[in-house]
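Results of the structural survey
Spelled out, the chains give:
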Amino acid sequence: MLAFITRRFLLLIFVLFGVSVLLFGILMTFSPERRAATYVTSPQQAKDIPKIIKQFGLDDPFYIQYFRWMKEVLKGNMGWSLVASRPVGEAFWNYFPVTLEMNLFAAPIVIIFGIWLGTLSGIHRDTWIDHTTRILAIVGWSLPTFLFALVLLMIFYGYFQLFSPGVLSDQLTMFIIENPESFTRFTGMYTIDGLLNGRFDITLNALAHLVLPVSTYVIVVVALNMRVMRSGMIEELSKDYVMTAQAKGADKKTIYIKHARRNALLPVVTVAGQLVALSMEGSIAVEVVYSRHGIGWWLAESAVQLDMPVLMCICLFMGVVFVITNLTLDILYAYIDPRIRLN
Amino acid sequence: MIEQHPRLREFKFTLYRIFRNPSAIIGFTLLFIFAGVALFAPQIAPPKYPHNPYLMPHKGFSPTPKPPSQTNIFGTTSGQYDIFYGVVWGTRTAFKIGMFVVGIAAFVGITLGAVAGYLGGLVDEALMRITDVIWAIPTLVLAMAIVVAFGRGLDKVMIALALVGWRWYVRVIRSEILTLRDQDFVQAAKIMGVSDLKIILRHILPNAIYPVLIMASMDMGSMVITASFLSFVGLGAPKGYADWGQMVALARNYIVGPPGDPLKFWYAIVIPGGCIVLFVLAWNLIGDALRDAFDPKLRRR
């Protein structure tokens, strides 16, 4: 087990190194002149570009520039964000809670719903329950997140005037800006900060703003989870131990829940990494459409405004999250399934 | 009765299995309609600018969408672009994106995966570690970074997606080949002195190709979704280009109509958006049917 973890850990370091080289390589496709142009603010300065290139060593060999960049990144200096007009590192912690908040609410729903629907579908295979859930899953899988979010906004914001885009209503946002001393932002997540400050109206308002984003996200993402659970369930139910249990007179519920579902959950763990990647992609579309200023919105806005430091920072961040998640899942998987561990 | 070639018999059985499935019938019907529209686009919606048919014609510059009428049967979107024209030529754009991206990604992925899986050893190790690195960043995010580096435009989006998309195919084809490599028929061919290339092409790939087909079909849909999102954000097709994602972006500010008639501009979103959903749905239904048809556990029942 220890050797297994060590090997995976070494691989993790290698992958992160590779990701950073890849990202830096993408940045280096810009010519030195174009990279120097970020420092130029007025037309008069344009003649200084060759000087800037010399000063910052922008035409040095790849590896020298890479190590210089890596040194700064490790020190926590990620550069300057045009969109946020502040250092990337500082802006990151400003945007991150918004994204985290949405994912914290959505992830449990996706997991529970996916497992529940998948189990149901697998047990009642080829009945109308199975067909309905499967059709819904395929349709949900075919919905582009941004489009579905727009349609939900059209119906629930436009027609029913129930939920509005954004993170918090305008009055409450103004109130917080005007009275910074009466509302401490512990976590940056309004739902939790509202509770900690004893302002339940803020919590409720933030929750209302979360309804549409979370539902969009759940409906689009849940299909993957459900499908894996369903096929796992079908496979387990066709195995001999189920027949043995039936022959011995175990009731259906025990067989489904205690025997089959436990084993069917194993493959779900393997796709959890894919779920994390999907949720990162999904949060970009959701945040753009519902104008929630989180990491995803920041990324899209930076891409449009060619804010390269932000793109690199977010790519690196997502790479780190993804790799660490996968490492954890691998270890978890080896822990749950002894066949992997002993191999 | 004449004895058929076993591969032909197997192929016929597969076709029979696929078309017994209602989702395949719906999927292929939808796809057939889309393909027809794409093929006959110049006849259905004659281009106004023959040198650049993908440019949507527009009368005037008013930002407010106009409802369906005699001249514009689906109405006009923001900027007075004709929705009908955009939808018809957008079908071509969608096929172009899907076929280019999936074609290149599958070709690169299958080649690398076959080489890695069959040769093994150091080549395998090196190729798989490179794949691991690219695997670590979500498709959309990496594609965004590449588009920003290459510059905006639909062609850049397609290149970026192809550069990211191959990683799926490598992993799948490699794991298929690893199980096939040591089987008796491959060993037999080796002993008979068949060359490596021939073994891969004639004996291994035909047996490993089914999961790739399923994936390619699903990928057609998801790549079109990703490309349309990039267009929606403003990194893909330029304004006025017949692309469904770009048309949704044009209508974005009109999702909510004036007070008293909040759903006034529904057509500007729902028509191009519906096209994206149906196109993706068609490929996903086909992929789903293929999965059922190729699944060895369900196959002979």
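Refer to the structure presented above.
In short, a report on the structure. (Residues numbered from 1 in each chain as written. Chains lettered and ligands numbered in written order. Predicted model: local features only at pLDDT ≥ 70, side-chain atom pairs only at ≥ 80, totals over all residues.)

With that settled, the discussion passes to the overall build of chain A. Within chain A, the secondary structure is distributed over 15 helices and two strands. Overall, chain A is about 85 × 55 × 35 Å in size when its C-alpha atoms are taken along their principal axes. For chain A, the residues scored as buried account for 35% of the 343 residues in total. Considering only intrachain contacts with a sequence separation of at least 6, the fraction spanning at least 24 residues in chain A is 71%. (Helix = DSSP H or I, 4+ residues; strand = E, 2+ residues; numbered from the N terminus. Buried ≥ 20, exposed ≤ 12 C-beta atoms within 10 Å, placed from the backbone. Contact = placed C-beta atoms within 7 Å.)

On to helix α1 (residues 6-19) of chain B, then. Between its terminal C-alpha atoms α1(B) stretches 20 Å, which fits the 20 Å expected from 14 residues at 1.5 Å a residue. Of all 14 residues that make up α1(B), zero are buried, and the element is exposed over most of its length. (Expected span 1.5 Å × (residues − 1).)

Of the residues lining the interface, 38 residues belong to chain B; the matching set on chain A comes to 43 residues. At the level of secondary structure, the elements contributing two or more residues to the side of chain B that touches chain A comprise α5 (121-135), α6 (139-150), α9 (196-233) and α11 (266-294) of chain B. Of the residues assigned to the side of chain B that touches chain A, the class counts are 28 nonpolar, seven polar and three charged. (Nonpolar A, V, L, I, M, F, W, Y, C, P; charged D, E, K, R; others polar.)

It is worth spelling out the environment of Ala249(B) at this point. Residues and elements named next belong to chain B. Mapped onto the elements, Ala-249 comes out in helix α10 (residues 244-251). Looking at Ala-249, the number of C-beta atoms within 10 Å reads 23, which means it is buried. Here the alpha-carbon distance between Ala-249 and Ser-217, two residues 32 residues apart in the chain, equals 26 Å. Filtering out sequence-adjacent residues up to four positions away, Ala-249 remains in contact with Ser-231, Phe-232 and Gly-234.

Moving on to the packing of helix α8 (residues 184-191) of chain B against α9(B). Pairs of packed helices are described in terms of their axes, by the angle between the two and the distance that separates them. Residue and element names in this part refer to chain B. Following both chains from N to C, one finds α8 and α9 inclined at 155°, their axes separated by 11 Å at the closest point. On the basis of their axis angle, the class for α8 and α9 is roughly antiparallel. For the pair α8 and α9, the crossing hand works out as right-handed. The segment α8 lies against α9, with Phe-185, Val-186, Ala-189 and Lys-190 engaging Ile-199, His-203 and Ile-204. When grouped by side-chain class, the residues that make up the contact of α8 with α9 number five nonpolar, one polar and one charged. (Axes fitted to C-alpha atoms, helices over the stretch in contact; angles between N-to-C directions. Parallel < 35°, antiparallel > 145°, perpendicular 65-115°, else oblique. Left-handed = near helix turned anticlockwise from the far one by under 90°.)

Another point: unusual backbone geometry. Residue and element names in this part refer to chain A. Even without glycine at this site, Ser-85 takes up a positive phi of about 45°. In this structure, Ser-85 sits in the loop between β1 (80-81) and β2 (86-87). Even without glycine at this site, Asp-126 takes up a positive phi of about 65°. Its location among the elements puts Asp-126 in the loop between α5 (88-123) and α6 (128-142). Classification of Asp-126 by C-beta neighbours within 10 Å gives exposed; the count is 10.

These figures capture arrangement, not role.
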